[in-house]
Every structure is written in structure tokens, then in C-alpha cells.
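So the chains spell out like this:
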Amino acid sequence: MELWYTEEHTKNVRFSIKVDKQLVSTKSDFQRIDIFESPEFGRFLTLDGFMMLTEKDEFIYHEMITHVPVAVNPKAKKILVIGAGDGGTVRELVKYEHIERIDMVEIDKMVVDICREYLPKTANKLDNERVHIYYEDGLKFVRSKTDEYDIVIVDSTDPFGPGEDLFTREFYGNCFNALKEDGILVNQHESPYYEADAKATARANKQLKAVFPFATVYQLHIPTYPSGHWLFGFASKKYNPVEDLKADEWNKFGIETRYYNTELHKGAFALPNYVKDLINNLE
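These figures come from a predicted structure and were not determined experimentally.

Peer 1: Explain the overall build of the chain to me, and be specific about the residues and the numbers.
Peer 2: A count of helical and extended segments in the chain gives 10 helices and 13 strands. For the C-alpha atoms alone, the extent of the chain along its principal axes is close to 55 × 45 × 35 Å. Expressed as a percentage of its 283 residues, the buried residues of the chain come to 56%. Considering only intrachain contacts with a sequence separation of at least 6, the fraction spanning at least 24 residues in the chain is 66%. With the model as given, the accessible surface of the chain reaches about 12600 Å², and the carbon-plus-sulfur share is 46%. Taking the average place of the 35 positive charges on the side chains of the chain and the average place of its 47 negative ones, the gap between the two points comes to 2 Å.

So, in C-alpha cells, the structure goes:
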């Protein structure tokens, strides 16, 4: 007998991974949480049946969501991370010795607890002394913050269910207020490829542009996400992510990465025409 995890990327496209065994299947107050063991991708986490990460390719996502903003503002000292219950974003941020404080806001404590136990490769820095975890709603948390953070990273689930409020103009406006005068916001922005995902991408980018003086997207390739072509949003009060890249300064940190480098950083903002059309069509 063979076991397979299958996710519907569209009504006409399915993605499957062969599974050795299921390690976790439970429900929290917010969502269903499953962890599987697979021969190709190692352990992987799904929430409400949607792929969140695999041990094999999570480094791509987590390096690109963290090192891009830090390379633009390498003097950043205080970071807010919203979501990121698996710990991968925090793991990458902890690599920077000069970062003084990382506030992580995750609505679902059960996700964190399960990832600590079953995904230690991503969750192994959550106990770092600079990391402060708040188990509450990210939208409510950020409302009370003003001029406090250098960088806000929104490592959320998809724009429905528990993550829905993290794609609204109100939320982005609160993030704008929480950031210092040269603050940067980065968030996951879905895929531009399939129609439903592309609509979510366009909506999120439109909301960012309504709030921030500068807002765009950058791309990465991650095999286990729909289409493999994924986007992050980059918004800032001051910085252009290519023109203001501090490549020499970032490279002096000596951060060990498997995907990110400062040449790739510049290339990630060189977008295909269909993506340009998607984010420039603000009707």
C-alpha cells in the first residue's frame, strides 16, 4: 500500500508527495495541523490541508523573507515577525548578532509547540534570548505599536482562514505606523501563476501601494508551492530594494546561506512581464 499527500493547486491541477507515515494529525482552536514524513522532502507541515513547509526546501522561503530586508537595512536592530510559528524566519534572523530584539506574534500556540517537537531544524532558535513570543492576533498586536520596528516580516498563511486579516489595508496601515521612519515591510504574496493566487497577489500589492511610498514584489522558486513560482511583497517608507541594497555591508556579516546572495537579491526584483502586468494593473 502506498500513501500520498495530495493538494489541489487548482480544480484542474493536483500536487502529490509520497508519504512514509503521518506523525501528527490534530486540530487547534484555529486550524487543522498535520505533519508527515516523506522520502523526498523529509518532514512537512500542512495547515488545513495546505502545504506550509518541507524540510527539503524551506530554506528557500525563509532565507528570502529575511535576508532581503536586512541587506537593504543592515543596521536594523528591532524586528517584528507576524506568524512564522514554524520558527524558520526567526532561525535566519538570529544569525545576525547585531539584531537586538525579535518580537514574534503567532496566533496559534499549538503550531509552535508541534514544530518545536517535530520540526527542530526550523524551530531550533525560538528559545534564543533575543526572541520574545506573543501568542495573540497579529492585527491586534500591531495596532498598539508606533515608530518601534526597523523591519516587519509578515510570514503568514494564505489570505483566508486565520491569515485573512493580514492582507488588508488596515493591517498594512498599522504596520506602517509600527515602523520607524526608514522601516521596511516584507510579506508573503502568493503565486502570480494560477488565476486565484494571482488575484490574491494583485489585491495584496494594491493594498501595500495604497499605504507605502514604495511597494513592489520579488520572486523565488520553491518546488512545493503552487506552480513553484512564488512572490514576496517589499514595501518601505524610504528604501528601494535594489538601489539601496548594501551588498558589501551584508557580505561582511559572513552569513551562511544556501539560496540567498546579494547578486540573486538584485535579480529577484527583475520581474517577468506577466508579473509586472499583474501588479501594475490596479483597477
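Additional details are given in the paragraphs that follow.
Peer 1: Run through the packing of aromatic side chains, naming residues and quoting values.
Peer 2: The description of an aromatic ring pair uses the distance of the two centres, along with the angle that the planes make with each other. As enumerated under the stated definition, the model contains 16 aromatic pairs in all. Three or more aromatic residues link up through ring pairs in this structure, and these residues are Tyr-61, Tyr-218, Tyr-225, Trp-230, Phe-232, Phe-234 and Phe-269. Sitting above the plane of the Phe-41 ring, Lys-56 keeps its charged end 5.7 Å from the centroid. The ring centre of Tyr-135 lies 5.7 Å from the NZ or CZ of Lys-109, which sits over that ring.

Peer 1: Describe the sheet that holds strand E4 (residues 32-38), with residues and values.
Peer 2: Strand order in the open sheet formed by 4 strands is E3-E4-E5-E6, with antiparallel pairing between adjacent strands. Bordering the open sheet on either side are strand E3 (21-27) and strand E6 (50-54), each of which pairs with just one other strand. With direction set aside, neighbouring strand axes in the sheet form an average angle of 20 degrees. Examined bridge by bridge, E3 and E4 share 6 bridges and lie antiparallel to one another. Residue pairing for E4: Val-24 is matched across the bridge by Ile-35. The strands touched by helix H3 (residues 109-118) are E3, E4 and strand E5 (42-47); relative to E3, the strand with the most contacts, the crossing angle is about 160 degrees.

Peer 1: For the UniProt feature "active site" (unreviewed entry) in the chain, give the residues involved together with the corresponding values.
Peer 2: This chain's UniProt record puts "active site" (unreviewed entry) on Asp-155. Here Asp-155 lies in strand E10 (residues 149-155).

Peer 1: Give me the UniProt feature "binding site: spermidine" (unreviewed entry) in the chain: which residues, what numbers.
Peer 2: Per the UniProt record, "binding site: spermidine" (unreviewed entry) is found at His-62, Asp-86, Asp-155, Ser-156, Thr-157 and Asp-158. Among the secondary structure elements, His-62 is positioned in helix H1 (residues 58-72). Apart from the residues within four sequence positions on either side, His-62 is in contact with Leu-53, Asp-86, Gly-88, Thr-89, Arg-91, Glu-92 and Asp-155. Looking at the element boundaries, Asp-86 is found in the loop between strand E7 (78-83) and helix H2 (88-93). Not counting the four nearest positions on each side in its chain, Asp-86 is found in contact with Leu-53, His-62, Cys-115, Thr-122 and Ala-123. Among the polar contacts listed, one links the side chain of Asp-86 to the side chain of His-62, at a separation of 3.1 Å.

Peer 1: So what's going on with H1? Residues and values would help.
Peer 2: Between its first and last C-alpha atoms H1 spans 22 Å; for 15 residues at 1.5 Å apiece the expected length is 21 Å, and the two agree. Counted residue by residue, H1 has 15 buried out of 15 residues, so it is predominantly covered.

Peer 1: So what about the side chain of Glu-190? Which residues, and what values?
Peer 2: With respect to the element layout, Glu-190 can be found in the loop between strand E11 (179-188) and helix H7 (195-211). For Glu-190, which is buried and forms no salt bridge, the nearest opposite charge comes from Arg-203, at a distance of 8.2 Å. Engagement of the side chain of Glu-190 in a polar contact is seen with the side chain of Gln-188, the distance being 2.9 Å.

Rules used throughout
- The numbering scheme is per chain: residues are counted from 1 as the chain's sequence reads.
- Per-residue local features of the predicted model are confined to residues with pLDDT of at least 70, and side-chain atom pairs are confined, for both listing and counting, to 80 or more; whole-chain, interface and lining totals are unaffected and use all residues.
- Note that the side-chain values use all heavy atoms of the structure and ignore hydrogens as well as water.
- Counting from the N terminus, the helices are the DSSP runs of H or I reaching at least four residues and the strands are the DSSP runs of E reaching at least two.
- Exposure is judged per residue with a 1.4 Å probe applied to protein chains only, and the accessible area is read against the type maximum: over 50% gives exposed, under 20% gives buried, and values in between give partly exposed.
- Contacts are residue-level and defined by heavy atoms, with any inter-residue pair within 4.5 Å sufficient.
- Where accessible areas are quoted, they stem from the Shrake-Rupley method and a 1.4 Å probe; at the residue level, only the protein chains shown are allowed to cover.
- In this tally Asp and Glu are treated as negative and Lys and Arg as positive; neither His nor the chain ends contributes.
- To locate a charge, take NZ of a lysine, CZ of an arginine, CG of an aspartate or CD of a glutamate.
- Pairing of aromatic rings covers Phe, Tyr and Trp, the last counted by its six-membered ring, and requires centre-to-centre distances within 6.5 Å; plane angles under 30 degrees mean stacked, over 60 mean edge-to-face, and any other angle means tilted.
- Geometrically, a charge over a ring is one whose NZ (Lys) or CZ (Arg) sits within 6 Å of the ring centre while staying within 35 degrees of the ring normal.
- For two strands to be treated as a pair, DSSP must find at least two bridges joining them.
- Each axis is a line fitted through C-alpha atoms, and for a helix only the stretch in contact is used; angles between axes span 0 to 180 degrees, taken between their N-to-C directions.
- UniProt positions are given in the numbering used here, feature names are shortened, and annotations may be inferred rather than shown by experiment.
- Between N or O atoms, a polar contact is any pair within 3.5 Å; within protein, one atom must be a potential hydrogen donor and the other a potential acceptor, and residues adjacent in sequence are included only when both atoms are from side chains.
- Here, expected helix span is obtained from the residue count minus one, scaled by 1.5 Å.
- The salt bridge definition used is simple: a Lys or Arg side-chain nitrogen within 4 Å of an Asp or Glu carboxyl oxygen.

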